[in-house]
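Each chain, written out:
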Amino acid sequence: MGKVLIIGAGGVGTVVAHKVAQNADVFTDIMIASRTKEKCDAVVKAIGNPSIKTAKVDADNVDELVALFESFRPEIVINVALPYQDLTIMEACLKTGTNYLDTANYEPKDVAHFEYSWQWAYKKRFEDAGLTAILGCGFDPGVSGVYTAYAAKHHFDEIQYLDIVDCNAGNHHKAFATNFNPEINIREITQNGRYYENGQWVTTKPLEIHKQLTYPNIGPRDSYLLYHEELESLVKNYPSIRRARFWMTFGQEYLTHLRVIQDIGMARIDPIDYQGMKIVPLQFLKAVLPNPQDLGENYDGETSIGCRIRGLKDGKEHTYYIYNNCSHQAAYKETGMQGVSYTTGVPAMIGAMMYLKGLWKRPGVWNVEEFDPDPFMEQLNKQGLPWHEVFDEDLEL
Ligand code: NDP
C-alpha cells in the first residue's frame, strides 16, 4: 500500500522500523536513513528483513534530503531524528511532494525553546501542495492529544480541565541516564515550567510545582509540573479548556544529578573554548552518559501515561482518566528498546498508517487531535499500547 522513509536510527527510529516491518500489508516498501548508515544497517539486521533499504543522510541539509527523497520516492517520511531537523525535512518534503510526520516540535539548536509557530507557518504551503503534515505523533505529544480528542468526541460536551500525567516507574539500574536523547531531554526539563489557566500562560521556575499523584499498578509518585508542547495545540483546538497542565515523575536521585549537572555548567548549550576547540557542554555530556538505546536489557518496571480530564456532559460535571501502562521488559523483548522509545515509536507508526490508509489524509499542517481519533485508538490496542478508562473517580488534581 505505501512507501515509507524513516529518518533517524536512534531508540525511537528502531521501534518505528520494527513496527512498520510488522505491518507489511500497509508499509510495502521501507527505508531507514540516518547520519550514521551503520546504525540503520544494524536495525535492519535486528529485524531480520533484508528488503528494508538503508541510506546515509544529513538531515540538516535540504539538498541531501531532496536527493534521497527523489531516489526513493516515499509517500510519507517519519521524522524521528532530532527536533532540530524538523524544518529542513519539511522543506525537502515540499520540494519533492512528500507527506510528513514527526514526534517533536522544532527547536533551534542555540536556544532551548520550542513552540509550534515555526511549523504551523508551513500550513499554507502544505495545503497548496496538497500534502499532509502530521505534527507531534509520539506518545506525549501524540497519544495525549488523541486521548483528548477521543474524550471530547465520546465523553464530554465541554472539556474544562486537562492534566497530562507521565510516570516512568522503571528502573534501568544506572546512577543517572536519560530515557531519550539526553541533550533534548535535559533541555526540556531545565526550562521554566508553564501551564495554561483562564486564557493565560503562567510561568513557574523549573520543577517548582510538584505533587504526589497515584498511578495505576504503580502507586504514588512525586510528579512535577513541566511545560510540554502539546499544551499549546490542545488549548488552541479545545477553547473550552480553562486549565491545562503537564506532569512528569522524577526520583530524588535523578533530580540531584540534574542539579549538579546544571550547577557545574554541564547543561550549557552555548559553545565554550576547550583546548582550542569549540565544544557545547551539554553535547559533550551526551557523549559520556549511557546511551538510552542500551538501557533496555536491564530495565524493569513500567511507564504509565494518560490524561485526567474534568468537564461537562449533558450539563453535569464528570471526570475521566484514560491511560496506558507499558512494560519496559515487554518493549525490549519485542524491539530491543525500552518503554520510552516504544511508547513513542508505536504511535509514530500508527500515524503513518492512518495517512496511508487515507484516514488522516488532509492537505495542511495538523496536530494529531485535529483528526478522527477512533481508528488510531483501535490501532493502539492492536499494536502494543492498550488503553484503559476510569470514569468519575477522584483525579487528585
Ligand atoms: P536518538 O538520539 O536516540 O536518535 C536520534 C537519531 O537521529 C540518531 O540516529 C541520530 O544519528 C539521528 N540524527 C541526528 N541528527 C541527524 C542529522 N542531522 N541527520 C540525520 N540523522 C540525524 O533520539 P531518540 O530516538 O530518543 O528520539 C528521537 C526523536 O523522538 C526526538 O526528536 C525526540 O525528541 C522524540 N521523542 C518524542 C517523544 C514523544 O512522546 N513525542 C518521546 C521521546 C522522544 P546518530 O546516531 O548518528 O547521532
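This structure is a prediction, so every number in the text was calculated from the model and none was measured. (Residues numbered from 1 in each chain as written. Predicted model: local features only at pLDDT ≥ 70, side-chain atom pairs only at ≥ 80, totals over all residues. Heavy atoms only, no water.)

Caption draft 1: Looking closely at unusual backbone geometry. With an omega dihedral of 10°, the bond running from Asp-140 to Pro-141 counts as a cis peptide bond. Inspection of the secondary structure assignment puts Pro-141 in the loop between β6 (132-135) and α7 (143-154). Despite not being glycine, Asn-198 shows a phi value in the positive range, around 50°. Non-glycine residue Asn-217 carries a positive phi angle of around 65°. We classify Asn-217 as exposed; its relative accessible area is 67%. (Helix = DSSP H or I, 4+ residues; strand = E, 2+ residues; numbered from the N terminus. Buried < 20%, exposed > 50% of the residue type's maximum accessible area, 1.4 Å probe, protein only.)

Caption draft 2: Representation of the site of the ligand in the model. Inspection of the region around the ligand gives 29 residues, with Arg-35, Thr-36, Lys-39, Ala-59 and Asn-181 positioned closest. Measuring from an oxygen atom of the ligand, one finds a backbone N or O atom of Gly-11 at 3.2 Å. Between the ligand and Asp-58 there is a distance of 3.2 Å, counted from a nitrogen atom to a side-chain nitrogen or oxygen. Relative to its free-state accessible area of 930 Å², the ligand is covered by the protein chains to the extent of 93%. For the shell around the ligand, the residue count by class is 13 nonpolar, 11 polar and five charged. (Near = heavy atom within 4 Å. Polar contact = N/O pair within 3.5 Å; in protein donor to acceptor, adjacent residues only side chain to side chain. Areas by Shrake-Rupley, 256 points an atom, 1.4 Å probe, with all protein chains shown as cover. Nonpolar A, V, L, I, M, F, W, Y, C, P; charged D, E, K, R; others polar.)

Caption draft 3: Summary view of the sheet that holds strand β5 (residues 99-102). Spatially, β3-β2-β1-β4-β5-β6-β17 is the arrangement adopted by the seven strands of the open sheet, whose pairing is parallel. Both edges of this open sheet fall to β3 (53-56) and β17 (364-367), since each of them pairs with a single strand only. In this sheet, adjacent strand axes meet at a mean angle of 20° when their direction is disregarded. Examined bridge by bridge, strand β2 (residues 27-34) and β3 share four bridges and lie parallel to one another. Within the sheet, the bridge partner assigned to Ser-34 lies in β3 and is Lys-56. Sitting on the sheet, helix α4 (residues 86-96) touches β1 (2-7), β4 (76-79), β5, β6 and β17, and the angle it makes with β5 is about 165°. (Pairing = 2+ DSSP bridges. Axes fitted to C-alpha atoms, helices over the stretch in contact; angles between N-to-C directions. Contact = heavy atoms within 4.5 Å.)

Caption draft 4: Layout of helix α8 (residues 182-189). By the criterion of burial, α8 is predominantly enclosed, with eight of the eight residues buried. Of the positions making up α8, those classed as buried are Pro-182, Glu-183, Ile-184, Asn-185, Ile-186, Arg-187, Glu-188 and Ile-189. In this fold, the buried residues of α8 make contact with β11 (219-226), β12 (243-249), α10 (252-263) and α11 (281-288). Where α8 starts, the residue carrying a side-chain oxygen 3.0 Å from the main-chain nitrogen of Glu-183 turns out to be Asn-181.

Caption draft 5: Quick peek at empty space enclosed by the protein. In this structure the tally under the stated criterion is two cavities of 30 Å³ or more. In this structure, the largest cavity encloses a volume near 40 Å³. Lining the largest cavity we find Tyr-116, Leu-135, Gly-136, Pro-141, Gly-142, Gly-145, Glu-230, Ser-233, Asn-367, Val-368 and Glu-369. Residue composition of the lining of the largest cavity, by class: four nonpolar, five polar and two charged. One number sums up the size of the second largest cavity: a volume of about 30 Å³. (1 Å grid on protein atoms, 1.4 Å probe; cavity = no way out; pocket = protein on both sides within 12 Å on 5 of 7 lines; lining within 4 Å. Points joined across faces, edges and corners; volume = space filled by probe spheres on them.)

Caption draft 6: Spatial organisation of the pattern of salt bridges. Applying the stated criterion to the full structure yields 17 salt bridges. Between Glu-334 and Lys-19 there is a salt bridge; the shortest N-O distance is 2.5 Å. Placement of the pair is Glu-334 in helix α12 (residues 328-335) and Lys-19 in helix α1 (residues 11-22), with a sequence separation of 315 residues. Residue classification places Glu-334 among the partly exposed residues on the basis of a relative accessible area of 31%. (Salt bridge = Lys/Arg side-chain N within 4 Å of Asp/Glu carboxyl O.)

Caption draft 7: Molecular detail of the state of the cysteines. Applying the stated criterion to the full structure yields zero disulfides. Distance from the sulfur of Cys-40, which forms no disulfide, to the nearest cysteine sulfur (Cys-93) is 17 Å. The thiol of Cys-167 is unpaired, and the distance to the nearest cysteine sulfur, on Cys-326, comes to 12 Å. (Disulfide = S-S within 2.5 Å.)

Everything listed is a geometric property; what it means functionally is a separate question.
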